[in-house]
Structure formats: C-alpha cells, structure tokens
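# Close look at the chain arrangement
So the chains spell out like this:
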Amino acid sequence: MSVFSDTLVQRLAVAVRVGVLTGAGISAESGIDTFRGARGLWKKFKPEELASMDAFLKNPQLVLQWYEYRRRIIKSVKPNPAHHVLMEMEKHFAHFAISTQNIDSLHFKAGSKNVLELHGNILKNRCTRCGCSNFHPETGQNGQPQKCGCGGLFRPDVVWFGEMLPEDALTESFEIAGRADVYFSIGTSAVVYPAAMLPVTAADAGAYVVEINTEKTAITNRTHESIRGKAGEILPALWRVVKSRLEETI
Ligand code: OAD
C-alpha cells in the first residue's frame, strides 16, 4: 500500500500538463538556508539593509559582501533528490515547467530545462542602467560595484524588495498554472506575492494542487493535498509509485 492517495497517483499517471512552484525549502537539503523559520536568513539579517535598491545605493560594499557570501555557499552545493526527480518528471510529461523563487540555479544544475526564474539568479549581475546581464559577478576594486560599458553599475541579478518580477517569466508562470492538470507547490511558505498566487490560480482553474512542505503554510487550505515531509524524500517516493502505476497500465 502506498502512503500517497490513489487520487494523486492516478492524476499524475494520466496528467499531460504539470506545473511546479518551488521555494527555498527544496534547496534546504542541499545545504542552503531558507528565509523564514527558526534558522531562516531573515532571522539573522535585515532584508531592508541587504536586499533593496536603497540599500545598494546607500552601502554597495555591504550589499555586495552579502551576495558574495551567498554566492560562495550556492556555488559549493549540489542539487538533491528533489531537484533530480523534477528533472526526470520533465522528461516524462508532455508539458512540464518549474516556476522557481530560488536564485540558486539548482534546478538547472540538476538538468531541468523548462525553468522560469521568478526572483532572478544570484550567479548573474545586471546593469542598473542598460539592463544587460552577465555571468561574471565579481565585485570591483575595494568591494565596489563593477561598472558596465554604458557607465551604469552592475548589481546582483535578483529581484529586490519593492521591485517587479521579470514580466515574461511571470506571465508564462501564470499561463502554466492556469492550464495545469496537476500543480505542485514545493518548499515555499507561500507568503511572497505574486509567486504565492500561482498554486491558488492553478486550483481555481481546475488543477489538482499538491503541496509538499515540512510545515503547514499560508496556502495549505487552498490545496487538494498537503504532504508533510522533506521534498528530497517525498518526491522520489511519490515518483516511484507513479512510475509503477504507469508500468502496470502499459
Ligand atoms: P521561506 O523561507 O519563506 O519558506 C521555506 C519553506 O520551505 C517553509 O514553508 C518550510 O517549512 C519549507 N521547508 C523547509 N525545508 C524543507 C524541506 N526539506 N522540504 C520541503 N519543505 C521544506 O522561502 P520561500 O517561500 O522560498 O524573495 O520565500 C519566498 C521568497 O521570500 C524568497 O524567494 C525570497 C524571500 O524574501 C526574494 O528574495 C525576492
């Protein structure tokens, strides 16, 4: 007997379109701290002093040091079984996409291709003036921002507080949520908008919405199922059960 509901296994066995929203919790088992919770980054650091344009203009060295610190951690970690299973799922389903709030590239490192980065990518820099981006986010001399050819300053290519999300990734994410047969919300507290609206949008449009999280979240009561546990354990177990269901029906 599987610990997963027959409805969920069957929905996945016949699904054509599957969408996923991921948050910091999916990378926790890779060794990256989440934002909220007892060991969360926002318990130790103040977002308004580190993750905003005002902070960057006021004290660029401090902001860049914080991003260098996080880049070092992110570069040293590897995708975990949850990232790997999502990559396998992408190969199986006709339409499969991940909208991630994470900036750590771990979905790409696991081999997933259809990944929409809603909050940017910490391994890139973007010019504050012309908007061009690059993958060489070293800081300049004395920890000051590097200068772009256009004269603008390079900043981490992440979404800061008070900023808009990348329009294309956001629009596509809502389209995917609106058409999904099954939609997952994995490792996110679902308190940051507009990303938190994606699973709710999917549910309103008729998708079967499943949450995988170690705790109850702001959207638990809007999902069809909330599976409590670590993504790196739940996802591989669930995918094994779905694959054996598929083999039975061949
Ligand atoms: P949070 O830190 O708010 O939430 C992490 C969620 O992951 C919590 O609900 C945990 O219970 C859950 N969790 C922890 N470990 C887990 C595991 N092994 N498996 C499954 N779930 C686990 O992170 P986000 O929801 O991603 O924004 O935060 C959203 C945004 O808030 C971030 O993208 C960031 C932050 O401010 C920006 O920087 C723009």
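Preceding block: the structure.
The following paragraphs examine the structure supplied in this document. (Residues numbered from 1 in each chain as written. Predicted model: local features only at pLDDT ≥ 70, side-chain atom pairs only at ≥ 80, totals over all residues. Heavy atoms only, no water.)

### Focus: the packing of aromatic side chains
- Using the criterion set out here, one finds five aromatic pairs in the structure.
- Here the aromatic rings of Trp-66 and Tyr-67 are separated by 6.1 Å at their centres, their planes lie at 75°, and the arrangement is edge-to-face.
- Aromatic side chains Phe-93 and Trp-239 sit 5.7 Å apart centroid to centroid with 45° between the ring planes, which places their arrangement in the tilted category. Here Phe-93 is found in the loop between α7 (81–92) and β2 (95–100), whereas its partner Trp-239 is found in helix α11 (residues 231–249), with 146 residues between them in sequence. Taken as a pair, Phe-93 and Trp-239 share a single burial class, namely buried. (Phe/Tyr/Trp six-rings, centres within 6.5 Å; stacked < 30°, edge-to-face > 60°. Helix = DSSP H or I, 4+ residues; strand = E, 2+ residues; numbered from the N terminus. Buried < 20%, exposed > 50% of the residue type's maximum accessible area, 1.4 Å probe, protein only.)

### Section: the packing of helix α9 (residues 167–179) against helix α10 (residues 197–204)
- Running from amino to carboxyl end, α9 crosses α10 at an angle of 35°, the nearest separation of the two axes being 7 Å. When you trace α9 past α10, the crossing you get is right-handed. Residue-level contacts link Ser-173, Phe-174 and Ala-177 of α9 to Met-197, Leu-198, Thr-201 and Ala-202 of α10.
- Counted by class, the contact of α9 with α10 contains five nonpolar, two polar and no charged residues. (Axes fitted to C-alpha atoms, helices over the stretch in contact; angles between N-to-C directions. Left-handed = near helix turned anticlockwise from the far one by under 90°. Contact = heavy atoms within 4.5 Å. Nonpolar A, V, L, I, M, F, W, Y, C, P; charged D, E, K, R; others polar.)

### What to know about the nonpolar core
- Grouped together as the largest cluster of nonpolar side chains are 32 residues, with contacts concentrated most on Leu-12, Leu-86, Met-89, Phe-184 and Ile-186.
- Those elements that place two or more of their residues in this core are α1 (6–14), β1 (17–22), α7, β2, β7 (182–186), β8 (208–213) and α11.
- Ranked by residue count, the leading element in this core is α11, at eight residues.
- Apart from residues lying up to four places away in sequence, Leu-86 is in contact with Val-20, Thr-22, Ile-26, Phe-96, Ile-98, His-107, Ser-112, Ile-186 and Leu-235.
- Counting residues in each nonpolar core, the second largest holds 18 residues, with Leu-41, Tyr-67, Val-77 and Leu-123 among its members. (Core = buried A, V, L, I, M, F, W, Y, C linked by side-chain atoms within 4.5 Å.)

### Some points on the environment of Ala-196
- Tracing the sequence through the fold places Ala-196 in the loop between β7 and α10.
- What makes Ala-196 buried here is its relative accessible area of 1%.
- Residues Ala-196 and Ile-122, spaced 74 residues apart in sequence, show a C-alpha to C-alpha distance of 21 Å.
- Sequence-distant contacts of Ala-196, defined by excluding residues within four places in its chain, comprise Ala-190, Val-191 and Ile-219.

### Brief notes about the site of the ligand
- The environment of the ligand is formed by 23 residues, the closest being Phe-35, Arg-36, Thr-188, Ser-189 and Asn-213.
- At 3.2 Å, a backbone N or O of Gly-187 approaches an oxygen atom of the ligand.
- A distance of 3.2 Å separates an oxygen atom of the ligand from a polar side-chain atom of Thr-214.
- About the coverage of the ligand: the protein hides 90% of its 800 Å² of free accessible area. (Near = heavy atom within 4 Å. Polar contact = N/O pair within 3.5 Å; in protein donor to acceptor, adjacent residues only side chain to side chain. Areas by Shrake-Rupley, 256 points an atom, 1.4 Å probe, with all protein chains shown as cover.)

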